[in-house]
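# Observations on the three-dimensional arrangement
Okay, here's what each chain looks like letter by letter:
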Amino acid sequence: TWGTACAHAGVGVALIGIVCETTWNSEYIATMKPGDAAKIAGYELKLDDVTQRQGPNFREMLAQFTVRLDGERLSVMTPSKRNFTTRGSSTTEAALLTRGASQLYVSLGETNADGAIAVRIYHKPLVLLIWWGPILMALGGVLSLSDRRLRVGAPKPAKALRGLQAAE
């Protein structure tokens, strides 16, 4: 039935996503200063600027990256790192760019004495298939449940019972 086919297709979609992400993912780790550019999976990410901002209970470092693909400007990504002075802890807010089923992530690390920032850039091809697969599986389950003939414990139609009684 359609529900079973949909659920099995969902398993296949999720597996394709897992294989593509683990096989073809790319990672770039380096220290960068404003004006530096990183190249990963055909993308070029240029660190345009790094600014500091004061929040109500934190100090934030915000970086701005211009993303280009084949020389064409696609987007601006702005990852940040927040330091909470009262707690003595920090958090990192990664920037995310989704194109089709693939995603590009940029995350900031520590700042060096010379002002360079540790940067991690990840390209995850077809990573969203890992999420779309289970959604397709759930849709298949709903479709299967909607088919009364396939339910376990569903009462048999009265015609079948009459035929059994006549045979006795």
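On a predicted model such as this, the values are computed, not experimentally measured, just so you know.

### Some points on helix H2 (residues 129-146)
Taking 1.5 Å of rise per residue, the 18 residues of H2 would be expected to cover 26 Å, and the 25 Å separating its terminal C-alpha atoms lies within 8% of that figure. Those residues of H2 lying buried are Leu129, Gly133 and Gly140. With its buried residues spanning 50° around the axis, H2 presents them on a single face. Looking at H2, the residues exposed on the side facing more than 90 degrees away from the buried face are Trp131, Ile135, Val142, Leu145 and Ser146.

### A short note on empty space enclosed by the protein
The final tally for this structure, using the stated rule, is one cavity of 30 Å³ or more. Estimates place the volume of the largest cavity at around 30 Å³. Along its surface, the largest cavity is lined by Tyr43, Leu97, Arg99, Ser102, Gln103, Leu104 and His123. Those elements giving two or more residues to the lining of the largest cavity turn out to be strand E8 (95-99) and strand E9 (102-111). It is E9 that provides the largest number of residues to the lining of the largest cavity, a total of three residues. Tallied by class, the residues present in the lining of the largest cavity amount to three nonpolar, three polar and one charged.

### A few points about the side chain of Glu21
The topology assignment puts Glu21 in helix H1 (residues 2-24). Relative accessible area serves as the criterion here: at 12%, Glu21 is assigned to the buried category. Sequence-distant contacts of Glu21, that is, excluding residues within four places in its chain, are made with Lys124, Pro125, Val127 and Ile130.

### Notes on the environment of Val67
Relative to the helices and strands, Val67 is located in strand E4 (residues 59-69). Ignoring anything within four residues of it in the chain, the contact list for Val67 reads Tyr43, Glu44, Leu45, Glu72, Arg73, Leu74, Ser75, Met77, Leu97 and Leu104.

### Some thoughts on the confidence of the model for the protein
Parts of the prediction with low pLDDT should not have their coordinates interpreted in detail. Model confidence for the protein is summarised by a mean pLDDT of 88, while 88% of its residues fall at 70 or above. Confidence, expressed as mean pLDDT per element, reaches its minimum in the protein at helix H3 (residues 158-167) with 57 and its maximum at strand E2 (residues 37-40) with 97.

Thresholds applied
Residues numbered from 1 in each chain as written. Predicted model: local features only at pLDDT ≥ 70, side-chain atom pairs only at ≥ 80, totals over all residues. Heavy atoms only, no water. Helix = DSSP H or I, 4+ residues; strand = E, 2+ residues; numbered from the N terminus. Expected span 1.5 Å × (residues − 1). Buried < 20%, exposed > 50% of the residue type's maximum accessible area, 1.4 Å probe, protein only. Arc of directions from axis to C-beta. 1 Å grid on protein atoms, 1.4 Å probe; cavity = no way out; pocket = protein on both sides within 12 Å on 5 of 7 lines; lining within 4 Å. Points joined across faces, edges and corners; volume = space filled by probe spheres on them. Nonpolar A, V, L, I, M, F, W, Y, C, P; charged D, E, K, R; others polar. Contact = heavy atoms within 4.5 Å. pLDDT = per-residue confidence, 0-100.

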